[in-house]
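Observations on the three-dimensional arrangement
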Amino acid sequence: RGTEREMGLKAVVVTVLLAAALSYYVYNPMPDAIQEPWKLMAVDAAFRTGINLAALKYHLGIDHYITSFRRTMQGFDSTMVALLGSRSPAGVVPGVKVSDITFAGVPVRVYEPPAGGEGHLRRGLLYLHGGGWAFGSGKMGAYDKVGRMISDELNTVVVSVDYRLFPEVLFPEPFLDCAAAAKHFLSPEVLDKYAIDPERVAVSGDSAGGNLAAAIAQEVAADDSVPVKFSVQALIYPVLQALDFNTPSYVQNRNMAILPRQVMVQFWLQYLGADISLQPQLIANNHSALQHSVLTPELRSRLDWTSLLSQKFKKSYKPVVAERDSHGLLKKIPGLLDVRSSPLLAGPEVLAKCPRAYILTCEFDVLRDDGLMYARRLKDAGVSVTSDYYEDGFHGCLSFTSWPLDFDVGKRALRNYMTWLQNNL
């Protein structure tokens, strides 16, 4: 009996230790404004676990960490779809026609609204998914759900682009894929085929997709060979520059769930084909050191948060400006200065041609200030802008609107985004 008691006691101790270790791993302090913090911690822990396992496989020579994590995400997505029963033959929205085809050789998923209202032209929306230019697909659960909802509720033909990703391709290939698909979509023949009003076509995207959407909006606006232009751009927590990783939001949210600063910097280095070992240099802003003559005062002013942000967001943060760059980072990573990768660097003459904008930002997101600065610069260039800011929002919240990974802020953000499109497109 004594032995049984000892074994039982050991089992209890082991259980307690395992529970403590799990709690330590999962626990990531959240700001007070975050609702259901433990749910967000669990989501973040799941992401970190997937990434860590993928990294382990990579170091063992089993698989590339990106492709390995993609499979994990796809498996999770399939499980959620099966759990929710959200993908029947008719889809979550009965009557929406879904077609997987190509536009100018680029894979796209087209959502056509239910039959009805013949003789009336419909809205059109080109959507570019997020995922750090390395993950994601317009066919995945959250994006598929939103595509069907917009198509049905707003009588819109939605085209979700599956542009190529890292490591298969590097910048500027994802941009070029999106540009090709966009120009094909905007051609009079295609708009006529889908009965789309050429004066009611939008481009939209979230995170890295928001980056691509902003860049595509600029590209199309400046291209005289494209007769039909986007009438609106809707950017959801977009990433818009890579010269300053010490904006107030980058510093404040450097360890935030879902997208900490080091992960965003890694996404940039991967996208631009640079060595990941340069991550500490970029975090220290050495790549935008004062010694770089190409970074003229006028160019620096385009992302000077000390003048572009209100005091509410500047708070007491100070700019981080390095004196010298001993690694020649701008020569090693020329894409850092390319407006196709960093739309915030575009000149005022380019911004003035852009369509009116909706820009969604979240307080607890490293990318908050990118969006706020772009909104300010577009307004200064004479563009009408709706800035939709969420004090309790976090990066990626729009993708968490279905049980069991649903957050109230995500549901509110999704509804407001769709309402804006309804009223402005």
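Residues numbered from 1 in each chain as written. Predicted model: local features only at pLDDT ≥ 70, side-chain atom pairs only at ≥ 80, totals over all residues. Heavy atoms only, no water.

**A word on the overall build of the protein**
- Of the regular secondary structure elements, the protein holds 17 helices and 10 strands.
- Put simply, the protein has 425 residues, and 55% of those count as buried.
- Accessible surface computed for the protein: about 18500 Å², of which carbon and sulfur atoms make up 57%. (Helix = DSSP H or I, 4+ residues; strand = E, 2+ residues; numbered from the N terminus. Buried < 20%, exposed > 50% of the residue type's maximum accessible area, 1.4 Å probe, protein only. Areas by Shrake-Rupley, 256 points an atom, 1.4 Å probe, with all protein chains shown as cover.)

**Some points on the nonpolar core**
- Core analysis: the biggest nonpolar cluster contains 90 residues, and Met-264 and Trp-268 have the highest contact counts within it.
- At 8 residues, helix α7 (residues 208-222) tops the list of elements feeding residues into this core.
- Each of domain 1 (34-85) and domain 2 (97-241 + 337-424) gives at least three residues to this core.
- Not counting chain neighbours up to four residues away, the residues in contact with Trp-268 comprise Trp-133, Asn-211, Val-239, Gln-241, Ala-242, Phe-245, Tyr-250, Ser-341 and Ser-342.
- The next biggest cluster of nonpolar side chains, apart from the first, holds 43 residues, and it includes Ala-234, Phe-364, Met-418 and Leu-425. (Core = buried A, V, L, I, M, F, W, Y, C linked by side-chain atoms within 4.5 Å. Domains from an automatic or database assignment. Contact = heavy atoms within 4.5 Å.)

**Thoughts on the UniProt feature "active site" (unreviewed entry) in the protein**
- Mapped onto this structure's residue numbering, the UniProt feature "active site" (unreviewed entry) falls at Ser-207, Asp-365 and His-395. A stretch of 189 residues holds the annotated residues, and the largest C-alpha distance among them is 10.5 Å, short enough that they meet in one place.
- Position of Ser-207 relative to the elements: it lies in the loop between β5 (196-206) and α7.
- The contact partners of Ser-207, leaving out residues within four places of it in the chain, are Gly-130, Ile-236, Tyr-237, Pro-238, Val-239, Leu-367 and His-395.
- Locating Asp-365 in the fold gives a position in the loop between β7 (356-364) and α16 (368-380).
- Contact partners of Asp-365, with chain neighbours within four places excluded, come to Tyr-237, Ser-249, Asn-253, Leu-259 and His-395.
- Within the local environment of Asp-365, its side chain forms a polar contact with the backbone nitrogen of Leu-367, the two atoms lying 3.0 Å apart. (UniProt positions renumbered as here; feature names shortened; annotations may be inferred. Polar contact = N/O pair within 3.5 Å; in protein donor to acceptor, adjacent residues only side chain to side chain.)

**Re the packing of helix α4 (residues 141-153) against helix α17 (residues 408-424)**
- It is the contact of α4 with α17, at a shortest axis distance of 11 Å, that shows an interaxial angle of 40°. As α4 runs across α17, the sense of the crossing is right-handed. Contacts between α4 and α17 involve Val-146, Met-149, Ile-150 and Glu-153 from the first element and Leu-414, Arg-415, Tyr-417, Met-418 and Leu-421 from the second.
- Its residues assigned to classes, the contact of α4 with α17 comprises 7 nonpolar, no polar and 2 charged. (Axes fitted to C-alpha atoms, helices over the stretch in contact; angles between N-to-C directions. Left-handed = near helix turned anticlockwise from the far one by under 90°. Nonpolar A, V, L, I, M, F, W, Y, C, P; charged D, E, K, R; others polar.)

**Some words on unusual backbone geometry**
- Cis rather than trans, the peptide bond between Phe-166 and Pro-167 has omega equal to 10°.
- A cis amide bond links Trp-403 to the next residue, Pro-404, at an omega of 5°.
- Relative to the assigned elements, Pro-404 resides in the loop between β9 (401-402) and β10 (405-406).
- Residues other than glycine seldom take positive phi values, yet Ile-258 does so here, at roughly 75°.
- Inspection of the secondary structure puts Ile-258 in the loop between α8 (248-252) and α9 (261-271).
- Taking the relative accessible area as the measure of exposure, Ile-258 reaches 18% and is therefore buried.
- Positioned with a positive phi, Asn-285 is a non-glycine residue whose angle comes to about 65°.

**Some words on the confidence of the model for the protein**
- Scored by pLDDT, the protein comes out at a mean of 91, with 89% of its residues at no less than 70.
- For the stretch residues 16-21, pLDDT sits under 50, and the model shows 0 contacts to residues farther than four places along the chain or on other chains.
- In this model residues 86-91 is a low-confidence stretch, pLDDT under 50, and it forms 14 contacts with partners more than four residues away in sequence or in other chains. (pLDDT = per-residue confidence, 0-100.)

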